[in-house]
Amino acid sequence: MGTAALLRAAGVGVGDEVVIPAFGNVEVAEAVVLAGALPVFADIDPLTYCLDATAVEAAVTARTAAVVVVHRFGRPADMARLLGIGELHGLLVLQEGESEAPYDEVAQRRERAAYLDAKLRGVRTPDEAVGHTYQQYVVRVPGNGRPDRDAFARAVRARGVECRVPVKTPVHRLPEYRRCVSLPETERAADETLALPVDAALAKRDMQRIVGACNALGGLLQPAF
């Protein structure tokens, strides 16, 4: 059952608000609208890229009926706190996650992620956390008053390494969902994040190529964060 159907089945509809992240795909907002409710955007935790519990609580109003939590890049959200907020305010809390991979594949991704963690310079590597499955290996390329992330991505691709911007436009920036809302961590993540390859199929020479391409560009970045 999809998110819209789950919301409707729980009685969420016209006149209700549903708290969701803006950092991610538009499908969650579309599901809320399909259920007849109003999407309300809350900021993310800068380490997990999932909804920040404090921001969620601040977004709750008398009209809030539900929260949709989306787990990002293989890193789980802080469900203990988010479920606690749901219980405190009598809210439905739904979870959306990425497709699960076999244990062996996850183990290989973690091995490659550990290699990148140890070797990469000049970018901020993902926060290590219990349960991280590295569906995507997302680094931060901080800006120096110019689009460093985008310049970095172009230069890495020119060296034969595939990379991609995981969230090009947060949902609250899209014309149909535009909101006057302060989401500083969401904005920063959208401007700085870059997903590097971490597939289980990558050979050691592939990993070395990724590291070599990225580390050769360290001059684009500030040395300290």
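Given the structure is predicted, the values throughout are model-derived calculations rather than measurements.

Here is what the cut-offs are and how they apply
- Every chain is numbered independently, its residues counted from 1 as its sequence is written.
- Residues qualify for local features only when their pLDDT is at least 70, as the model is predicted, and side-chain atom pairs are given and counted only at 80 or more; totals for whole chains, interfaces and linings, by contrast, use all residues.
- Hydrogens are left out, water is left out, and the side-chain values use all remaining heavy atoms of the structure.
- Helix and strand labels come from DSSP, where a helix needs a run of H or I of at least four residues and a strand needs a run of E of at least two; each type is numbered from the N terminus.
- Within these notes, the globule rule equals 2.2 Å times the number of residues to the 0.38 power, and the radius of gyration is based on C-alpha atoms.
- Throughout, a residue-residue contact means that at least one pair of heavy atoms, one from each residue, lies within 4.5 Å.
- For Phe, Tyr and Trp, rings pair up if their centres lie within 6.5 Å, where Trp contributes its six-membered ring, and each pair is then called stacked (planes under 30 degrees apart), edge-to-face (over 60) or tilted (otherwise).
- A simple rule labels every residue: compare its accessible area, found with a 1.4 Å probe on the protein chains alone, to the largest value its type can have, and call it buried under 20%, exposed over 50%, or partly exposed in between.
- What counts as a salt bridge is simple: a side-chain nitrogen of Lys or Arg found within 4 Å of a carboxyl oxygen of Asp or Glu.
- Pairing between two strands requires that DSSP report at least two bridges joining them.
- With strands facing away from the observer, any crossover in which the path from the first strand over the helix to the second runs clockwise is taken as right-handed.
- In this analysis, axes come from line fits to C-alpha atoms, helices being fitted only over the stretch in contact, and the angle between any two N-to-C directions falls in the range 0 to 180 degrees.
- The scheme is simple: roughly parallel for angles under 35 degrees, roughly antiparallel for over 145, roughly perpendicular for 65 to 115, oblique for anything else.
- The hand of a helix crossing depends on one turn: near helix anticlockwise from the far one by less than a right angle means left-handed, and clockwise means right-handed.
- The classification used treats Ala, Val, Leu, Ile, Met, Phe, Trp, Tyr, Cys and Pro as nonpolar, Asp, Glu, Lys and Arg as charged, and all other residues, Gly among them, as polar.
- Side-chain atoms alone can form a polar contact between residues adjacent in sequence; in general such a contact is a pair of N or O atoms within 3.5 Å, and within protein one must be able to donate a hydrogen while the other accepts it.
- Here, nonpolar core means buried Ala, Val, Leu, Ile, Met, Phe, Trp, Tyr and Cys residues that are tied together by side-chain atoms lying within 4.5 Å of each other.

Asker: I would appreciate a short explanation of the overall build of the chain in the present structure.
Answerer: Within the chain one finds eight helices and six strands. Along the chain, from the amino end to the carboxyl end, the secondary structure elements read α-β-α-β-α-β-α-β-α-β-α-α-β-α. Relative to the 2.2 N^0.38 estimate, which gives 17 Å for 225 residues, the radius of gyration of the chain is 19 Å and therefore close to what a compact globule would have. Principal axes of the C-alpha set define a box for the chain whose edges measure 55 × 40 × 25 Å. Considering only residue pairs separated by 6 or more positions, the chain has 69% of its internal contacts joining residues 24 or more positions apart.

Asker: Sorry if this is basic, but what is going on with the packing of aromatic side chains here?
Answerer: Here the distance between the centres and the angle between the planes together describe a pair of aromatic rings. Inspection of the entire model under this criterion finds four aromatic pairs. The interplanar angle of 25° and the centroid separation of 5.7 Å between the aromatic rings of Phe23 and Tyr49 together place this pair among those described as stacked. With Phe23 in the loop between strand 1 (17-21) and helix 2 (27-34) and Tyr49 in the loop between strand 2 (38-42) and helix 3 (53-59), this residue pair connects regions lying 26 residues apart in the sequence. Comparing Phe23 with Tyr49, the two get one shared label, buried.

Asker: Would you mind going over the environment of Leu38 with me for this structure?
Answerer: Relative to the helices and strands, Leu38 is located in strand 2. Considered as a pair, Leu38 and Thr64 are 26 residues apart in the sequence and their alpha carbons are 9.1 Å apart. Not counting the four nearest positions on each side in its chain, Leu38 is found in contact with Asp16, Glu17, Val18, Val32 and Arg179.

Asker: Any chance you could explain the pattern of salt bridges here in plain terms?
Answerer: Oppositely charged side chains may form a pair once their charged atoms are brought near each other. If you walk through the whole model with that rule in mind, you get eight salt bridges. For the salt bridge of Arg149 with Asp150, the shortest nitrogen-to-oxygen distance reads 2.7 Å. Ionic contacts of the salt-bridge type, sharing partners, join the residues Arg173, Glu187 and Asp191 into one network.

Asker: For this particular structure, what's the right way to read the pairing of strand 4 (residues 92-96)?
Answerer: On any regular strand, side chains alternate: one points to one face of the sheet, the next to the other face. With five bridges joining them, strand 3 (residues 64-70) and strand 4 adopt parallel strand pairing. Each residue of the ladder has a partner; that of Val67, found in strand 4, is Val93. Assessed by its sense of winding, the connection that carries the chain from strand 3 through helix 4 (residues 79-89) to strand 4 is right-handed.

Asker: Before we go on, may I ask you to explain the sheet that holds strand 2 in this structure?
Answerer: Adjacent strands of a sheet form backbone hydrogen bonds with each other and so pair up, either parallel or antiparallel. Taken together, the four strands give an open sheet; going across it, the order is 2-1-3-4, and neighbouring strands pair in parallel fashion. Either end of the sheet is taken by a strand with one partner, and the two such strands are strand 2 and strand 4. For this sheet, the mean inter-axis angle between neighbouring strands, taken without regard to orientation, is 25°.

Asker: Quick question: what am I supposed to make of the packing of helix 5 (residues 103-119) against helix 8 (residues 204-215) here?
Answerer: To characterise two packed helices, one gives the angle between the axes of the helices and the distance between these axes. Following both chains from N to C, one finds helix 5 and helix 8 inclined at 30°, their axes separated by 10 Å at the closest point. Regarding the angle of helix 5 to helix 8, the classification is roughly parallel. Between helix 5 and helix 8 lies a crossing whose hand is right-handed. Across from Arg112, Tyr115, Leu116 and Lys119 in helix 5, the residues of helix 8 making contact are Met207, Gln208, Ile210, Val211 and Asn215. Grouping the constituent residues of the contact of helix 5 with helix 8 by class yields five nonpolar, two polar and two charged.

Asker: What is the right way to look at the side chain of His71 in this model?
Answerer: Take His71: it is sitting in the loop between strand 3 and helix 4. A polar atom in the side chain of His71 sits 2.8 Å from the side chain of Gln95.

Asker: In this structure, what is going on with the environment of Val40? I would like to understand it.
Answerer: For Val40, the location among the structural elements is in strand 2. Along the primary structure Val40 and Gln208 are separated by 168 residues, whereas in three dimensions their C-alpha atoms are 43 Å apart. Among all residues touching Val40, those that are not within four sequence positions of it are Glu17, Val18, Val19, Ile20 and Ala59.

Asker: Help me understand the nonpolar core in this model?
Answerer: Nonpolar side chains in soluble globular proteins tend to be buried together. One finds Leu120, Tyr137, Val139, Phe152, Leu194, Leu196 and Ile210 to be the most contacted residues of the largest nonpolar core, which totals 25 residues. Residue assignment for this core shows that the elements contributing at least two residues are helix 5, strand 5 (137-140), helix 6 (148-158), strand 6 (193-196) and helix 8. With five residues, the top contributor of residues to this core is helix 8. Excluding anything up to four places from it in sequence, Leu194 contacts Tyr137, Val138, Val139, Val141, Arg149, Phe152, Ala153, Cys163, Arg164, Val165 and Pro166. One finds Leu7, Ala29, Ala35 and Val68 within the second-largest nonpolar core, a separate group that totals 20 residues.

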